[in-house]
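Coordinate inspection notes
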Amino acid sequence: MSVSGAFFPPAIREPPPPALELFDLDENFASEANRLAYLTNKCAGDGDIEYYVMEAGHILGLQMPEDTGARAVLGEVFKRIAQWKMVGGMGMGMGTGGDMGAAAGGEGFDRFEL
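Bear in mind that the values here come from a model prediction, so they are computed numbers and not experimental data.

As for helix α3 (residues 49-59)
For α3, the full list of buried residues reads Val-53, Ala-56, Gly-57 and Ile-59. Angular distribution of buried residues about the axis of α3 spans 160 degrees; they occupy a single face of the element. Opposite its buried face, α3 presents the exposed residues Glu-50 and His-58, each directed more than 90 degrees away. At its buried positions, α3 is contacted by α2 (32-42) and α4 (70-87). Residue Gly-61 follows α3 closely and has a positive phi angle near 90 degrees.

As structure tokens, this is what we get:
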């Protein structure tokens, strides 16, 4: 009688599926206008106003400190809009001859950038 070792194949677990459903493509590839529209449809009621303002500031690319509140984000947006209007935004400002940056001594602003 001879003794031989028993062989059991290893139990290999199936790897989990990739977490692609957790990856929001709209968040990364949608335009600012589409992302703002989605945010507007998502938020309803007075309780969402602060969240809405903070997220809209994030979508627009405002570089604000983490502890900044919605009031400061609105203040920054209004300040930038006022600066843009003073430079001559949309042809209604003080720019001459189509040079929108001439009033402020800049290179010219074709689009308001936040």
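So much for the structure itself; the text now carries on.
Quick look at the packing of α3 against α4
Orientation of α3 relative to α4, taken along the N-to-C sense of each, is 45 degrees, at an axis distance of 9 Å. Looking at the two axes, α3 sits oblique to α4. As for how α3 packs across α4, the hand of that crossing is left-handed. Together, Glu-50, Val-53, Met-54 and Gly-57 of α3 and Ala-70, Val-73 and Leu-74 of α4 make up the contact between the two elements.

Looking at the packing of α2 against α3
Closest axis-to-axis distance for the α2/α3 pair is 10 Å, and the angle between their directions is 170 degrees. The angle between the axes of α2 and α3 places the two elements in the roughly antiparallel class. On α3, the residues touching Glu-32, Arg-35, Leu-36, Leu-39, Thr-40 and Lys-42 of α2 are Tyr-51, Tyr-52, Glu-55, Ala-56 and Ile-59. Residue composition of the contact of α2 with α3, grouped by class: six nonpolar, one polar and four charged.

A word on the nonpolar core
With five residues, the main nonpolar core is built from Val-53, Leu-62, Ala-70, Val-73 and Val-77. Looking at this core element by element, the count peaks at three residues for α4.

Here is what the cut-offs are and how they apply
Residues numbered from 1 in each chain as written. Predicted model: local features only at pLDDT ≥ 70, side-chain atom pairs only at ≥ 80, totals over all residues. Heavy atoms only, no water. Buried < 20%, exposed > 50% of the residue type's maximum accessible area, 1.4 Å probe, protein only. Helix = DSSP H or I, 4+ residues; strand = E, 2+ residues; numbered from the N terminus. Arc of directions from axis to C-beta. Contact = heavy atoms within 4.5 Å. Axes fitted to C-alpha atoms, helices over the stretch in contact; angles between N-to-C directions. Parallel < 35°, antiparallel > 145°, perpendicular 65-115°, else oblique. Left-handed = near helix turned anticlockwise from the far one by under 90°. Nonpolar A, V, L, I, M, F, W, Y, C, P; charged D, E, K, R; others polar. Core = buried A, V, L, I, M, F, W, Y, C linked by side-chain atoms within 4.5 Å.

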